[in-house]
Amino acid sequence: MQTKSFSIVTSISMVVALTAAVLSIIGIATTGFYPGIIVLSFVALIPIASKFYAKKVISKSNDFQRNYFRTLTIINFLSILVVLWMTFVIVHDRVLHDCC
C-alpha cells in the first residue's frame, strides 16, 4: 500500500541529497573541509533508510502504513528543503565568500 506521493517525494529527496553530498565531498578538494558536509551526509541517509523501512512495513495494518507513509513523506520533503538550504549556505560561504 505504498502511496505514490511517498514514492515520488522519497525518490526526489534521495537524488537531491545524494547529489549534494557527493558534490560537497568533491568540493572539499577545492575549498577545504566544512563541518556542514557531515550534517549533509547524514541527511542523505534519511531517504535511504525510509526506502528500506518501507519494505518492512508491508506486513503491518493499513492504518499503521498510512500513518507511516504520511509521516515519512513529510520528513523526506523537509529533508529536501534542508539540503537546498544547506547547499545555498555552503555555496555562499565557501565559493562566493560573501558571508559576514
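Residues numbered from 1 in each chain as written. Predicted model: local features only at pLDDT ≥ 70, side-chain atom pairs only at ≥ 80, totals over all residues. Heavy atoms only, no water.

> Tell me what's going on with the overall build of the protein chain, and back it up with residues and numbers.
The number of helices and strands found in the protein chain is 4 helices and 0 strands. Reading the protein chain from its N end, one meets helices and strands in the order α-α-α-α. Taken against the 2.2 N^0.38 rule, which gives 13 Å for 100 residues, the C-alpha radius of gyration of the protein chain at 16 Å runs more than 25% over that of a compact globule. Over its C-alpha atoms, taken along the principal directions, the protein chain stretches across nearly 50 × 20 × 15 Å. A total of 100 residues make up the protein chain; the buried ones form 30% of that total. Across the protein chain, the fraction of contacts at a sequence separation of at least 24, relative to all contacts at a separation of at least 6, is 73%. Accessible surface computed for the protein chain: about 6,400 Å², of which carbon and sulfur atoms make up 74%. (Helix = DSSP H or I, 4+ residues; strand = E, 2+ residues; numbered from the N terminus. Rg over C-alpha atoms; globule rule 2.2 N^0.38 Å. Buried < 20%, exposed > 50% of the residue type's maximum accessible area, 1.4 Å probe, protein only. Contact = heavy atoms within 4.5 Å. Areas by Shrake-Rupley, 256 points an atom, 1.4 Å probe, with all protein chains shown as cover.)

> Tell me what's going on with the packing of helix α3 (residues 45-56) against helix α4 (residues 62-95), and back it up with residues and numbers.
Where α3 contacts α4, the axes come no closer than 10 Å and their chain directions differ by 165°. Here α3 lies roughly antiparallel to α4, going by the angle between them. Of the two elements, α3 crosses α4, and the hand of that crossing is left-handed. Across from I46, P47, S50, Y53 and A54 in α3, the residues of α4 making contact are F64, Y68, F69, L72, I75 and N76. Its residues assigned to classes, the contact of α3 with α4 comprises 9 nonpolar, 2 polar and no charged. (Axes fitted to C-alpha atoms, helices over the stretch in contact; angles between N-to-C directions. Parallel < 35°, antiparallel > 145°, perpendicular 65-115°, else oblique. Left-handed = near helix turned anticlockwise from the far one by under 90°. Nonpolar A, V, L, I, M, F, W, Y, C, P; charged D, E, K, R; others polar.)

Nothing here speaks to function; it is geometry throughout.
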